[in-house]
Amino acid sequence: VKNPVWRVDAFATEYVPVEKHDFNEAESDQKFSGVYATHTVADLGLKYDFYLLALDRDDLSEGRYSNDERYTAGLRLAGTCKLTGIEYDIEGGWQFGDADEAVADAPDRSVDIDAWFFAAELGYTLADLAMKPRVYAGYDYASGDSDPADGDAGTFNPLFPLGHAFFGYIDIIGRQNIQDISGGVSCWPVENKVQVKLDYHLFERAESADALYNAGGAVVRPADPAASKDVGSELDLTINWKVSRSVLLNGGYSHFFAGDFIEETGADSDIDFAYVSAQYTF
C-alpha cells in the first residue's frame, strides 16, 4: 500500500534451499514474516518507520537453540533538521519470544527472549565548501546475554543483516553483544562522480559473559567473562567512481586493530583487507 505520505509493506516467506539436481522446495521449518510502514512528514523534513517482524525456526541443527520463535518491534526516525542542517538517523528495537535452548545430554530448556538494539548517527554536510565534505558520528548498541544460566536469552539477533553496512567492511564484527562508537568523513573530489570515505569504528563487547559474533552470526570468539570487553577498532577507506550511468567502480582498504579481548583469548594478529569491484547496470 502506497500513497504520498504512507507506504506499508507486508510479507510472508519460507526458506527455500537450492537443490543442485532437483526442483527447489520450501521448508516450513523456517518462516519469516512481518509488516513495515513508512510515514513521510514533509514539513519537518523527516521520515519515520515502524515495523514488526517474526522469525520462526524449528529443528535447528546448529547454534545455541533447537527451536526459536522471535519477534522484533522497532522504530526509526531519519531526516535533516531544517534549522541547523544536521542529518540524523535514530533507530531502536526490542526482541521478544521464546526458544528451546539445546543443552548437552539433557532435554531442551525453554528460555524467554529479551533483547534489544539502539543505533544513532548525526551528520553534517558542508555544502558550500569545495568537494562538499560530510562529517558524522555514530553509536550502535546490540545487547548480549549477561547470564546464560538465568533462563533469559539476551543476545540480539540481527535477523538477515547487510554485510559492510554498519560495522566495517571486514565483517569481523556483527550486531550481537556489541557496542560501536564510530565516526568518519567523506568528500567528492569529482562532483557527482568520485566519492572518497574514511570511517573509524571502536568496538567493545556489551556483556562480558557473552561471545563475539561476526556479521553472519557465527561465533568469532566464545564467551570469556574474565577477559576484557575491548574488542579492537577498524579503519576503512573506500572510493566509489561513477564512470557512467551504467558503470560503477568501487575499491577500498581496511585494517582491523586487535584489542585486549582478542589478545587475551587466542590468535591476535591484525587483519588487512583490500578489494576492487565493478558494477554494470542494464
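Look up a bit, the structure's there.
Residues numbered from 1 in each chain as written. Predicted model: local features only at pLDDT ≥ 70, side-chain atom pairs only at ≥ 80, totals over all residues. Heavy atoms only, no water.

Participant: Could you give an account of unusual backbone geometry, with specific residues and numbers?
Facilitator: Despite not being glycine, H164 has its phi angle at roughly 70°, a positive value. You can see H164 is positioned in the loop between β8 (152–153) and β9 (178–190). In this structure, D171 is a non-glycine residue whose phi angle is positive, near 65°. Structurally, D171 is set in the loop between β8 and β9. (Helix = DSSP H or I, 4+ residues; strand = E, 2+ residues; numbered from the N terminus.)

Participant: Please provide a residue-by-residue account of the pairing of strand β7 (residues 134–142), values included.
Facilitator: Along any regular strand the residues' side chains alternate between the sheet's two faces. Judged from the 9 bridges that link them, strand β6 (residues 109–125) and β7 form a sheet pairing that is antiparallel. Note that in β7 the partner of G123 across the bridge is Y136. Across 9 bridges, β7 lies against β9 in antiparallel orientation. Bridging across to β9, Y139 finds its partner in I181. (Pairing = 2+ DSSP bridges.)

Participant: Quick one: what's the story with the packing of aromatic side chains, residue by residue and with numbers?
Facilitator: The full count for this structure, using the stated rule, is 13 aromatic pairs. One aromatic cluster is present, built from ring pairs that chain together W6, Y48 and F50. Sitting over the ring of F166, R175 keeps its end group 4.7 Å from the ring centre. (Phe/Tyr/Trp six-rings, centres within 6.5 Å; stacked < 30°, edge-to-face > 60°. Lys NZ or Arg CZ within 6 Å of the ring centre and 35° of its normal.)

Participant: Talk me through the pairing of strand β10 (residues 194–204); I want residue IDs and the actual numbers.
Facilitator: Looking at chain direction, β9 and β10 are connected through 10 bridges and run antiparallel. Bridging across to β10, V185 finds its partner in L198. Where β9 folds back on β10, the antiparallel hairpin that results is connected by 3 residues, among which N192 adopts a positive phi of roughly 60°. Note: β10 against strand β13 (residues 230–242), 11 bridges, orientation antiparallel. Bridging across to β13, D199 finds its partner in D236.

Participant: Go over the layout of surface pockets, please, and point to the residues and values.
Facilitator: Its boundaries defined by the atoms lining it, the largest pocket holds a volume of some 1200 Å³. If you go around the largest pocket, you meet 47 residues; those closest to its centre are E91, D140, A165, F166 and R175. For the lining of the largest pocket, the secondary-structure elements that each account for two or more residues are β2 (27–41), β3 (46–57), β4 (65–80), β5 (87–101), β6, β7, β9 and β10. Each residue belonging to the lining of the largest pocket can be placed in one class, and the counts come to 23 nonpolar, 11 polar and 13 charged. (1 Å grid on protein atoms, 1.4 Å probe; cavity = no way out; pocket = protein on both sides within 12 Å on 5 of 7 lines; lining within 4 Å. Points joined across faces, edges and corners; volume = space filled by probe spheres on them. Nonpolar A, V, L, I, M, F, W, Y, C, P; charged D, E, K, R; others polar.)

Participant: An account of the nonpolar core is needed here, citing residue identities and associated values.
Facilitator: By size, the foremost hydrophobic cluster in this structure holds 21 residues, and its most contacted members are I173, I178, F203, L212, V231 and F256. For this core, the elements supplying multiple residues, two or more each, are β3, β6, β14 (247–258) and α1 (260–264). Element by element, the count of residues in this core is highest for β3, at 3 residues. Among all residues touching F256, those that are not within four sequence positions of it are I170, I172, F203, V231, G232, S233, E234, I262, D270 and I271. Listed in part, the 5 residues of the second largest apolar core include Y65, V111, I113 and A153. (Core = buried A, V, L, I, M, F, W, Y, C linked by side-chain atoms within 4.5 Å. Buried < 20%, exposed > 50% of the residue type's maximum accessible area, 1.4 Å probe, protein only. Contact = heavy atoms within 4.5 Å.)

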